[in-house]
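An overview of the molecular structure
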Amino acid sequence: MDLKFLPLSVECTDGPPPDVESLPHPLCAPGFDGYHSNSWPRVDLWGTLPTGQRATVHVHGCFPYFYARPLEEDAEAVRAFSVDPNLRSICKRTAEGLDEMLRNGDGAHGTGDARVRSVTVATLTPFYGYHPEPLPFLRVALYRARDVVRAAKLLLDEGCCKYQGRALRLQPYESHVNAHMKFFADVGAGALRPRQRRAAEGGGEVGDLAVADEVGGEREERAVRGSEAARARAERRRQLDEA
């Protein structure tokens, strides 16, 4: 049968990972096999079925994240970010150092669930100032939304990895954006469109309707598509004006 669902509100929370067989991506991010956590972020969409019955869709895989880059005055680190082998090494060391600092900050002394899911490279164009081409950033993904502000402060104030014998301090970006805003920025307002999905054989709970891929990083692609569409509209207007 078809299950139809109308979302009315959204709430960001956390809980255990979903069933492994239903995951579109592994429990650990590729290349970060040792970073496992039993606490996963979850977006709950609250709404109704066509019958009027209240229901909830649990969306997994929306891991909280922010971006980071060297301070502009640290010319040596900025140059290091332009070399790909350096970036791969910095990603690994930043993940290791930040994860340890976040765990130790809770008095766990490096034990228990991982706090960092992954640190990868994202190519983005800074919002402020003039930049003729995109620049490499670190994309820091975490397991707990409440760790975002603290992780950003650790990267800026203390540095979480060593580079040429010194702590590499990084300027965080978008760490002030809360989980709700990130979800809608990445997924779009269409997240609250009516949903329809064919139920598996034997039925299933409504709460298991949606299991999402990891989101984030798609905004750049959508921005490119949006700018192309805007240029096409401008060209059509110009042709109409000339006609």
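Position numbers for residues start from 1 in each chain and track the written sequence from start to end. Reporting in this predicted model follows two pLDDT cut-offs: at least 70 for local features of residues, and 80 or more for side-chain atom pairs to be given and counted; totals over whole chains, interfaces and linings ignore these cut-offs and use all residues. Processing note: side-chain calculations cover all non-hydrogen atoms of the structure and skip hydrogens and water entirely.

Quick look at the overall build of the protein
Across its full length, the protein holds five helices and ten strands. A buried classification covers 40% of the 243 residues belonging to the protein. In what follows, residue pairs with any heavy atoms lying within 4.5 Å of each other are defined as contacts. Expressed as a percentage of contacts within the protein between residues at least 6 apart in sequence, the contacts between residues at least 24 apart total 71%. Under the convention used here, a 1.4 Å probe and the Shrake-Rupley method define accessible areas, while residue burial counts only the protein chains that appear. Surface summary for the protein: the accessible area is close to 13900 Å², and the carbon and sulfur share equals 53%. Comment: elements are numbered from the N terminus, with helices defined as DSSP H or I runs of at least four residues and strands as E runs of at least two. Here the term buried applies to any residue with accessible area under 20% of the maximum for its type, exposed to any over 50%, and partly exposed to those in between, with areas from a 1.4 Å probe on protein chains only.

Here's the deal with the packing of helix H2 (residues 84-104) against helix H3 (residues 148-157)
Taken N-terminus to C-terminus, the directions of H2 and H3 make an angle of 120°; their axes are 11 Å apart at the nearest point. With respect to H3, the axis of H2 lies oblique. Handedness of the H2/H3 crossing: right-handed. Where H2 approaches H3, its residues Thr94, Leu98, Met101 and Leu102 are matched on the opposing element by Arg150, Ala151, Leu154 and Leu155. Under the convention adopted here, Pro, Cys and the residues Ala, Val, Leu, Ile, Met, Phe, Trp and Tyr are nonpolar, Asp, Glu, Lys and Arg are charged, and Gly plus all remaining residues are polar. Class assignment for the residues of the contact of H2 with H3 results in six nonpolar, one polar and one charged. Angles run from 0 to 180 degrees between N-to-C directions of axes, and those axes are lines fitted to C-alpha atoms, restricted for helices to the stretch in contact. What sets the label is the angle itself: under 35 degrees gives roughly parallel, over 145 gives roughly antiparallel, 65 to 115 gives roughly perpendicular, and the rest give oblique. Each crossing gets its handedness from the near helix: less than a right angle anticlockwise from the far helix is left-handed, clockwise is right-handed.

Here's the deal with helix H4 (residues 179-187)
Regarding H4, the residues found buried are Lys182, Phe183 and Asp186. Within H4, the buried residues cover an arc of 100° as seen down the axis, which keeps them to one side. Positive backbone phi, approximately 95°, marks Gly188, located one or two places after H4. The arc in question is formed by the directions pointing from the helix axis toward the C-beta atoms.

Some remarks on the pairing of strand E3 (residues 54-60)
The element E3 is largely enclosed, with a buried count of five among its seven residues. Paired strands, as defined in this entry, are two strands with at least two bridges between them according to DSSP. One ladder, built from seven bridges, connects strand E2 (residues 40-48) with E3; its direction is antiparallel. Bridged to Val43 within E3 is Val59.

Looking at the environment of Arg117
By secondary structure assignment, the location of Arg117 is in strand E5 (residues 116-124). Residues Arg117 and Pro64, 53 residues apart in the sequence, show an inter-C-alpha distance of 9.4 Å. Engagement of the side chain of Arg117 in a polar contact is seen with the side chain of Tyr143, the distance being 3.2 Å. By the criterion applied in these results, polar contacts are pairs of N or O atoms within 3.5 Å in which, for protein atoms, one can donate a hydrogen and the other can accept it, and in which residues neighboring in sequence qualify only through two side-chain atoms.

Description of the state of the cysteines
Working definition: the covalent bond between the sulfur atoms of two cysteines is a disulfide. Pairs of cysteine sulfur atoms within 2.5 Å are what we label disulfides. Here the structure, examined in full by the defined rule, presents zero disulfides. Just so you know, Cys12 is unpaired, no disulfide at all, and the nearest cysteine sulfur is the one on Cys62, 7.8 Å from it. Given a relative accessible area of 25%, Cys12 falls into the partly exposed group. With no disulfide partner, Cys161 has as its closest neighbouring cysteine sulfur the one in Cys160, 7.8 Å distant.

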